Amino acid sequence: MERRIKDNYYLDIAETVLERGTCLRRNYGSIIVKNDEIISTGYTGAPRGRKNCIDMNRCIREELQIPRGTHYELCRSVHSEANAIISASRRDMIGATLYLVGKDANTKEYVKNANSCSMCKRLIINSGIDYVVIRDTKHDYRKINVSEWIENDDSLDVKLNLGY
C-alpha cells in the first residue's frame, strides 16, 4: 500500500472541512499548517450569528447571475481562507502553508482553476503565510509561492480575478 503524500493528506482534510460550507454556489475548505501541525481551519459561511444562504434557501449572487470572481460585496459568506486566518494568530501563520479545496455546491465537482480572490490574497499576504496549495483533482494540485502574488502585483489582480 502506498502512503498518501502530505500535500494530498492536508488537502483531504481541507476537503472534509468544506463539507461544513453553507454556500449554495461553491464551498471551499481551508486549513493552515505549520511544522506539520494544523493551526486552524475555515469554510465558506455567513458571519457568526447571521443566517446562512442554505438556511434562507437563497443566493442573491445566483439570482442576479453575478459572474464568478465579481461583486463579493453582495455575498453573505466569509471565504474559507479568511475564516481560517481569523481563527489563527499571526505568529503561528508566519511561514505556514494554506491548503484550499473548492467544490461546486450542486455538482460536487472540484472548482476548475480555483484560486483565492483578491481580498483573500491580501489577507494571506498580510498573515505571513508562505505557500497556498490548491486542489485541482483528487490527486493533482498546484503549489503557489505567496511571494509571486507580491512580485506580480498589478491592477490585473482585481480585473481578472477568477477566485470564488
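Residues numbered from 1 in each chain as written. Predicted model: local features only at pLDDT ≥ 70, side-chain atom pairs only at ≥ 80, totals over all residues. Heavy atoms only, no water.

Some details on the packing of aromatic side chains
Moving on, step 1. Scanning all chains against the criterion turns up two aromatic pairs.
Moving on, step 2. On the numbers, 5.2 Å between centres and 40° between planes, the contact of Y10 with Y99 is tilted. Residue Y10 is located in helix α1 (residues 6-18), and its partner Y99 is located in strand β3 (residues 97-104); the two are separated by 89 residues in the primary sequence. Y99 carries the same exposure label as Y10, and that label is buried.
Moving on, step 3. In this structure, K103 packs its charged tip against the face of Y110, placed 5.2 Å from the ring centre. (Phe/Tyr/Trp six-rings, centres within 6.5 Å; stacked < 30°, edge-to-face > 60°. Helix = DSSP H or I, 4+ residues; strand = E, 2+ residues; numbered from the N terminus. Buried < 20%, exposed > 50% of the residue type's maximum accessible area, 1.4 Å probe, protein only. Lys NZ or Arg CZ within 6 Å of the ring centre and 35° of its normal.)

Overview of the pairing of β3
Moving on, step 1. For β3, a buried count of seven out of eight residues is recorded, marking the element as mostly surrounded by other parts of the structure.
Moving on, step 2. Pairing of strand β1 (residues 26-34) with β3 involves eight bridges; the strand directions are antiparallel. Bridge pairing in β3 links Y28 to G102.
Moving on, step 3. Examined bridge by bridge, β3 and strand β4 (residues 131-135) share four bridges and lie parallel to one another. Bridged to L98 within β4 is V132.
Moving on, step 4. In this view, the connection linking β3 to its parallel neighbour β4 by way of helix α6 (residues 118-127) has right-handed handedness. (Pairing = 2+ DSSP bridges. Right-handed = clockwise from strand over helix to strand, strands pointing away.)

Points about the UniProt feature "domain: CMP/dCMP-type deaminase" (unreviewed entry) in the chain
Moving on, step 1. UniProt marks residues 5-148 with the feature "domain: CMP/dCMP-type deaminase" (unreviewed entry), using the numbering shown here.
Moving on, step 2. End C-alpha to end C-alpha, residues 5-148 measures 24 Å, and it is 31% helix and 24% strand. (UniProt positions renumbered as here; feature names shortened; annotations may be inferred.)

Here's the deal with the nonpolar core
Moving on, step 1. Within the largest apolar cluster, 18 residues are counted, with the highest numbers of intra-cluster contacts made by I32, L98, I124, I129 and V132.
Moving on, step 2. When residues of this core are traced back to their parent elements, those giving at least two are β1, α4 (80-86), β3, β4 and α7 (146-151).
Moving on, step 3. Setting aside residues up to four positions removed in sequence, L98 forms contacts with S30, I31, I32, E81, I124, I129, Y131, V132 and V133.
Moving on, step 4. In this structure, A14, V101, Y110 and V133 belong to the second largest nonpolar core, which totals 11 residues. (Core = buried A, V, L, I, M, F, W, Y, C linked by side-chain atoms within 4.5 Å. Contact = heavy atoms within 4.5 Å.)

Section: the side chain of S80
Moving on, step 1. By the element assignment, S80 lies in helix α4.
Moving on, step 2. A polar contact is formed between the side chain of S80 and the side chain of S30, at a distance of 2.7 Å. (Polar contact = N/O pair within 3.5 Å; in protein donor to acceptor, adjacent residues only side chain to side chain.)

Quick word on α1
Residues spaced three or four apart along an α-helix point in a common direction, a consequence of the helix completing one turn every 3.6 residues.
Moving on, step 1. End to end, α1 covers 18 Å across 13 residues, agreeing with the expected 18 Å (1.5 Å per residue, within 8%).
Moving on, step 2. Looking only at α1, the buried set comprises D7, N8, Y10, L11, A14, E15, V17 and L18. Looking straight down α1, one finds its buried side chains confined to an arc of 165°; they lie on one side.
Moving on, step 3. Buried residues along α1 sit in contact with β1, β2 (37-43), β3, β4 and β5 (141-145). (Expected span 1.5 Å × (residues − 1). Arc of directions from axis to C-beta.)

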